[in-house]
Amino acid sequence: MSELNIPWQSSADIRRKFVEFFESKGHLHVPSSSLVPHNDRTVLLTTAGMQQMIPYFLGLETAPAERMCSIQKCFRTVDIDEVGDESHSTFFFMLGNFSVRDYFKAESLVWSWEFLTEWMGIPPEVLYPTVHPEDEEARNIWLNSIGVPEARVSGLDDNWWQAGPVGPNGPDSEIYVNRGPSFEGDVPGDDGPRFLEVWNNVFMQYNTDQDGVRTPLAKPCVDTGMGFERLVLLLQGGRTMYDTDLYSGIIGKIQELSGVTYDVDPQSTRSIRIIADHLRGATFLIGDGVLPGNEGRSYVLRRVLRKAIRHGRLIGLTGPFAEQIAQVVIDQFGGDYPELRDREAQILKVLRYEETSFSKTLTSGVNRLQTLTAELKASGTTEIPGEEVFRLYDTFGFPYDLTAELAQEEGLTIDSVGFTTAMERQRVTSRSADRFKAASNERSGIYASIQPRTEFLGYEHLRSESTIVALIGPDGPVEQVEAGQEIEVVLDRTPFYGESGGQVGDTGDIRTETGLINIDETRKPAPDLFVHRGIVAEGFIAVGDSAHAIVDGIRRQGIRRNHTATHLLHKALRMVIGPEAHQAGSLVAEDRLRFDFTSLDAIPASDMRTIAEIVNREIGSDTPVTTTVTPYKEAVAKGAMALFGEKYGDVVRLVEIDEFSQELCGGTHVGRTGEIGPFVITSESSVAAGTRRIEALTGNAAIERMLGQQRVLDELGRELKVSWVEVPTQIQAMQDRSRTLEREIDRLRGQLAGAKSEDLLQQAIEVNGIRVVTSRVEVESKDGLRQLADRLRDSLQSGVIALGAIVDGKPSLLIAVTADQVAAGIKAGDIVRQAVVHIDGRGGGRPELAEAGGKNPEGLDAALEAVSGIVSGYAL
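Reading the values: rules and limits
- Residues numbered from 1 in each chain as written.
- Predicted model: local features only at pLDDT ≥ 70, side-chain atom pairs only at ≥ 80, totals over all residues.
- Heavy atoms only, no water.
- Helix = DSSP H or I, 4+ residues; strand = E, 2+ residues; numbered from the N terminus.
- Expected span 1.5 Å × (residues − 1).
- Patch = residues over 30% accessible without salt bridge, like charges linked within 9 Å, V, L, I, M, F, W, Y side chains within 5 Å.
- Areas by Shrake-Rupley, 256 points an atom, 1.4 Å probe, with all protein chains shown as cover.
- Salt bridge = Lys/Arg side-chain N within 4 Å of Asp/Glu carboxyl O.
- Buried < 20%, exposed > 50% of the residue type's maximum accessible area, 1.4 Å probe, protein only.
- Pairing = 2+ DSSP bridges.
- Axes fitted to C-alpha atoms, helices over the stretch in contact; angles between N-to-C directions.
- Contact = heavy atoms within 4.5 Å.
- Phe/Tyr/Trp six-rings, centres within 6.5 Å; stacked < 30°, edge-to-face > 60°.
- 1 Å grid on protein atoms, 1.4 Å probe; cavity = no way out; pocket = protein on both sides within 12 Å on 5 of 7 lines; lining within 4 Å.
- Points joined across faces, edges and corners; volume = space filled by probe spheres on them.
- Nonpolar A, V, L, I, M, F, W, Y, C, P; charged D, E, K, R; others polar.

This brings us to helix H17 (residues 553-577). One turn of an α-helix holds 3.6 residues; hence residues three or four places apart share an orientation. Look at H17: 36 Å from first C-alpha to last across 25 residues, which is about the 36 Å you get at 1.5 Å a residue. A positive phi of about 110° marks Gly 578, the residue just after H17.

Have a look at this one:
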């Protein structure tokens, strides 16, 4: 029993009872959707239980039932830096029940009360509902229908749910549990832990448009959510979520591996919590197909993994441990989330690889950071430049947050603005500043209201007679557009394929009696809605116009070839490297194809040749490609491949290439494999940890590549006076000769540097007892300058060397100081920073060696002459 006299229940029992309760109320239990949202491009990860319901609430998709419940996996990054305390986490489960235009407030509130009091055994007197101050309907239900005393029902201004500035929204009613006077806090909704929110009943009864106008929904919906970890905490009498059976096995394993006891030392306890939360979340992310990387959700995964690994090192986990923690997670949750079992080997392999890789990164990054901080402290600087922080991130793979944490430990700050600037410079080429495209993420409400929806004719036709149903400009719907304007067009029927399943959208023209639109992109924001985006090229276009839609047939044929070739490649890959190779993304364009798949190892060249041979053999067989519409279960039973994470309806489109390949696919394909033409793999590479990429060409593009390769070989053969077969051998022989000559050049350069150093030593002067060599020299590169300085320092034994040269038209300055003079306090970096002003530049380095570059070649002699004066300041 807990302090609240609630019978203890296991998390498994609580999960089961939640589903049984709502099934008894007519709800369909729907599986948790992936942590990777497939219907919302505006978010990286699934952050709430209602996220998979949004298309149903908006009418963009048909719900499988009007009443549903789920136990949804969620991942939020907003509190990632707070994880380690008693209440914050990144990964959690959300219990939810949903009504799609069925029941509303009365049923929702009564059932939430019934479940908590009767099924969970929570005493009614500790439950404190809250409502929005203007929601009298909800207040009356609590007071009159359920019978909660008025003193326990309070109004909170923030009891209003809205996912964004536009879209469905409405008041909500939360239920708090009074945990007792041993916890701080006075009233529900304050910041204290005494009153813990466990349930949120959200009543979506309004829609807000882009102008901020709120109108009532014709049929309101219900979205309710309850934090599973919080409910388990209450029913198991814990103080924090980490004191429950949801975490006990994970924490127990961490204690076993580290030998550190949980909840004794505050710092170790924080580290254990971070490891437990982050590795639990990472396991689920990988299970849903996310792999570590440097962008988007992949970076989120990499960040939590690396933070967990570092905190493992802090508590003594020096060897690999992440996969052992993940195994506990898989064993605990694999029964309810089968993707963990299905991808178990991959999860463990990715974690093992990432931990091993980051261990090296951690060592090299820390070493570089220690050197950097020592240099900064020596120069009196307390801020790490943003460019250096970015270089740590970009070159060493060192996360920004980890750099910030270690810098703070050294008493330094970080130039965050400079880091952001450097990061943005890197991203600028891949980020669109198009206002029209940026606005498209806020258009779900507009798309939901469009009627009629679109009939797709593109499997059989490349042209259609249609009617313009809607025109949408950058700022919203319009009735008419004219030449020069960018516009989105919705037709009642279309032959244009909308981008989906890795296949790019069609391009072409939409022509009316009064105008022409060149379509350069087709999207599909909902299964039954196609949006054509383009520029009005001629005249004007109006809603209601009859239109002739024409797809670019040549481009479409290239796309069809590449899409069918992708299916052949997918099957050939699995034949050669094994069925554990899962598709991780694809691009099917008119000029090329790209196929991403899960593998930590590069594919050997011999296997790549085998894969290409298999694909070309199937193409040469000119096998028929058939498509049929069939029930999902029958297609899967037949052996059809369904891609993980994709949403399929009860009826699917099955693409078969005889007995060689069967896949569920909504894309467009050739009629026979012979239409593909030659298939050529152009590259195989790594795109992220655990993800490989194959790029290939088909048809005319493949022919052009092969002809180009033949031309290159023929030309090389003529130049080398050998047949094309002998070209590789001849090139290898030339490379061997080149390396021999380079070694000889290096030897001669060393001799020349030695001779020069002897001459320069004769020019050494004494400055208050310190020997100083300053000279302008002729060298081909900065490496030559360094080599000469090394020779001089070895011969000089004690003193300061200053060398200058013009390299590629720009002045270069190098200062070298012997070890004994460094010990006496003379530092090369200090000298170069004072002398570099004469060449209008900047520089720095170590106490024994520093370099600088500038913009003013005329000042080089002055910079060299200044060195003696600078050195005299050191002498006693």
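Moving on, we get to a nonpolar patch on the surface. A surface patch of nonpolar side chains, amounting to about 230 Å² of accessible area, comprises Ile 703, Met 706 and Leu 707. Looking at the element boundaries, Met 706 is found in helix H20 (residues 699-720). For Met 706, a relative accessible area of 37% gives the class partly exposed.

Another aspect to go through is the sheet that holds strand E31 (residues 800-807). Backbone hydrogen bonds hold the strands of a sheet together, and the pairing may be parallel or antiparallel. Read across the sheet, 6 strands follow the order E29-E30-E31-E32-E34-E33 without closing on themselves; strand pairing throughout is mixed. The outermost strands of the open sheet, each flanked by one partner alone, are strand E29 (765-767) and strand E33 (841-846). Pairwise comparison of adjacent strand axes, ignoring direction, gives a mean angle of 20° for this sheet. Here E31 pairs with strand E32 (residues 810-817) via 8 bridges, running antiparallel. Note on E32: the bridge partner recorded for Ala 805 is Ser 812. Packing of helix H22 (residues 782-796) onto the sheet brings it into contact with strand E30 (770-776), E31, E32 and strand E34 (849-854), and relative to E31 it is tilted by some 160°. Strands in contact with helix H25 (residues 860-872) are E29, E30, E31 and E32; relative to E30, the strand with the most contacts, it is inclined by about 175°.

Time to look at the pattern of salt bridges. Taken as a whole and judged by the stated rule, the model has 42 salt bridges. Its salt-bridge partner being Arg 16, residue Asp 13 comes within 3.4 Å of it at the nearest N-O pair. Of this pair, Asp 13 and Arg 16 both sit in helix H1 (residues 11-24), 3 residues apart, roughly one helical turn. What makes Asp 13 partly exposed here is its relative accessible area of 31%. A relative accessible area of 37% places Arg 16 in the partly exposed class. Residues Glu 684 and Arg 692 are paired through a salt bridge, measuring 2.8 Å at the closest nitrogen-oxygen approach. By the burial criterion, Glu 684 is buried, and Arg 692 matches it. Connected via shared salt-bridge partners are Glu 488, Glu 521, Arg 523 and Arg 533.

Right, let's talk about the packing of aromatic side chains for a bit. Two numbers describe a pair of aromatic rings. These are the distance of the centres and the angle of the planes. What the rule picks out here adds up to 30 aromatic pairs. Residues Tyr 400 and Phe 419 carry aromatic rings whose centres are separated by 4.6 Å and whose planes lie at 35° to one another, so their mutual orientation is tilted. Here Tyr 400 is found in helix H13 (residues 400-409), whereas its partner Phe 419 is found in helix H14 (residues 416-427), with 19 residues between them in sequence. A connected cluster of aromatic rings, assembled from ring pairs, spans Phe 18, Phe 21, Phe 22, Phe 115, Trp 119 and Trp 199.

When glycine is set aside, most residues are seen to have a negative phi, and most peptide bonds are trans. Note the cis peptide between Gln 451 and Pro 452, where omega equals -5°. For Pro 452, the location among the structural elements is in the loop between helix H16 (444-449) and strand E12 (455-456). In this structure, Lys 721 takes a positive phi of about 60° despite not being glycine. Turning to its location among the elements, Lys 721 is positioned in the loop between H20 and helix H21 (727-761). Residue Lys 721 is classed as exposed on the basis of its relative accessible area, which comes to 73%.

With that settled, the discussion passes to empty space enclosed by the protein. Using the criterion set out here, one finds 1 cavity of 30 Å³ or more in the structure. Lining the largest cavity are Arg 303, Arg 306, Lys 307, Arg 310, His 311, Phe 358, Pro 399, Asp 401, Leu 402 and Glu 405. When residues of the lining of the largest cavity are traced back to their parent elements, those giving at least two are helix H8 (296-314) and H13. A per-element tally of the lining of the largest cavity places H8 first, with 5 residues. Residue composition of the lining of the largest cavity, by class: 3 nonpolar, 1 polar and 6 charged.

For the rest of this paragraph, the subject is the environment of Ile 274. One can find Ile 274 in helix H7 (residues 266-287). For Ile 274, a relative accessible area of 0% corresponds to the buried category. Taking C-alpha positions, Ile 274 is 26 Å from Trp 199, a pair spaced 75 residues apart along the chain.

These results come straight from atomic positions and should not be treated as a statement about function.
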